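Secondary and tertiary structure notes
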Amino acid sequence: TGVQTCALPICLAMHPLAEEEIVLVFPGDNPDRPKGRQVSLKKLSSAPQVVHYRRSLGFDRTSTIEAYLGQEGVRDRYDGDWLLGVDSISEIKDTLVRNGGMSFLPWPDVEREHRNHVLQAYRLNPQMRPRTIWLAYRTQTSRPALKDFLKAASTIQKKREFRP
């Protein structure tokens, strides 16, 4: 399924390609990191600062994280700002390794570092809204190659879930 919108003479369509589970991420060598594979924020003994995109970048995921912290009743544990803002996913991961903290990232973005024990990922309980990757395209000028791509993409559409 997809979404289509038209503002003549251009029609755009969006097609979901993948849905990625958001996991909680800690530095791999942090002795205070949670045990097990699944984490409830309510059960964390402390609330490390969240390393994520800086607010000025305007990503909706930042407000989603803030809402999730509130929903889980841990937003009030922070004396100051809960967010340590950076500019990219690679900077989020580097900052976690160098300075500590925690982050909420799509599983495919941290799977390699998790397997190499550089970062430690955990399934959230309850889960956060997943990241959906969309393909946007013009419908009037779509070439056969794009139609073939969409057909192939529909056969591999899947959820990319945490697999420790």
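Starting from 1, residues in each chain are numbered consecutively following that chain's sequence as written. Totals for whole chains, interfaces and linings use all residues, but because this is a predicted model, local features are given only for residues with pLDDT of at least 70 and pairs of side-chain atoms are given and counted only at 80 or more. The side-chain figures draw on all heavy atoms in the structure; neither hydrogens nor water molecules are used.

**Description of the overall build of the protein**
Only runs of H or I of at least four residues qualify as helices and only runs of E of at least two qualify as strands under DSSP, and these elements are numbered from the N terminus. Helix and strand content of the protein: four helices and ten strands. Its helices and strands taken in sequence order, the protein reads β-β-β-β-β-α-β-α-β-α-β-β-α-β from the N to the C terminus. Expressed as lengths along the three principal axes of its C-alpha atoms, the size of the protein is roughly 55 × 30 × 25 Å. Taken over 164 residues, the protein has a buried fraction of 39%. Each residue's exposure class comes from its accessible area (1.4 Å probe, protein chains only) as a fraction of the maximum for that residue type: buried when under 20%, exposed when over 50%, partly exposed otherwise.

**Overview of the nonpolar core**
The criterion is simple. A nonpolar core is a set of buried Ala, Val, Leu, Ile, Met, Phe, Trp, Tyr and Cys residues joined through side-chain atoms within 4.5 Å. Counting 19 residues, the largest nonpolar core has L24, L41, V50, L69, M102 and F104 as the members making the most contacts within it. Mapped onto this core, the elements with two or more residues apiece are β3 (22-27), α1 (60-71) and β8 (119-124). Judged by nonpolar contacts, the second largest core, of 14 residues, contains V25, Y53, L105 and A121.

**Let's talk about unusual backbone geometry**
A cis amide bond, omega 0°, links N125 with the succeeding residue P126. By the secondary structure assignment, P126 is in the loop between β8 and β9 (131-138). Unlike most non-glycine residues, H117 shows phi in positive territory, near 65°. Its relative accessible area of 60% is what places H117 among the exposed residues.

**With respect to the pairing of β8**
Of all six residues in β8, five are buried; the element is thus mostly enclosed. A pair of strands counts as paired when DSSP detects no fewer than two bridges linking them. Summarising the sheet, β3 and β8 pair through five bridges and their orientation is antiparallel. Its bridge partner being in β8, P27 is matched across the sheet by L119. In this sheet, β8 lies alongside strand β4 (residues 38-39) in parallel orientation, the contact comprising two bridges. When the sheet's bridge partners are listed, Q38 is paired in β8 with R123.

**Side note on the sheet that holds strand β7 (residues 103-106)**
The strand order across the open sheet formed by four strands is β4-β8-β3-β7, and the pairing between neighbours is mixed. At either margin of the open sheet sits one strand with a lone partner, and together these are β4 and β7. Any two residues whose heavy atoms approach within 4.5 Å are treated as being in contact. Only the stretch in contact is used when fitting a helix axis, every axis being a line fitted to C-alpha atoms; angles between N-to-C directions are given from 0 to 180 degrees. Strands in contact with helix α2 (residues 89-99) are β3, β7 and β8; relative to β7, the strand with the most contacts, it is inclined by about 140°.

**With respect to the layout of surface pockets**
Computed from the structure, the largest pocket encloses a volume of approximately 190 Å³. For the lining of the largest pocket, the elements supplying multiple residues, two or more each, are β5 (50-53), α1, β7 and β9. At three residues, β7 tops the list of elements feeding residues into the lining of the largest pocket. Note that Gly is not counted as nonpolar here; it falls among the polar residues with everything else outside the nonpolar set of Ala, Val, Leu, Ile, Met, Phe, Trp, Tyr, Cys and Pro and the charged set of Asp, Glu, Lys and Arg. Looking at side-chain class alone, the lining of the largest pocket contains eight nonpolar, two polar and four charged residues. Grid points spaced at 1 Å over the protein atoms alone were grouped into cavities, where a 1.4 Å probe fits but cannot get out, and pockets, open sets with protein on both sides within 12 Å along at least five of seven lines, with lining residues defined by an atom within 4 Å of a point. Grid points are joined across faces, edges and corners, and a volume is the space filled by probe spheres set on the points.

**As for helix α3 (residues 107-115)**
The set of residues buried in α3 consists of W107, V110, E113 and H114. An end-on view of α3 places all buried positions within 130° of arc, on one side of the element. Note on α3: the residue one or two positions beyond its end, H117, has a positive phi of about 65°. Here, the arc refers to the directions that run from the helix axis to the C-beta atoms.

**Topic: the environment of L69**
Assignment of secondary structure puts L69 in helix α1. For L69, a relative accessible area of 0% gives the class buried. Along the chain, L69 and A47 lie 22 residues apart, while their C-alpha atoms are 9.9 Å from each other. Ignoring sequence-local partners within four residues, the contact set of L69 consists of L41, V50, V74, R75, Y78, W82 and F104.

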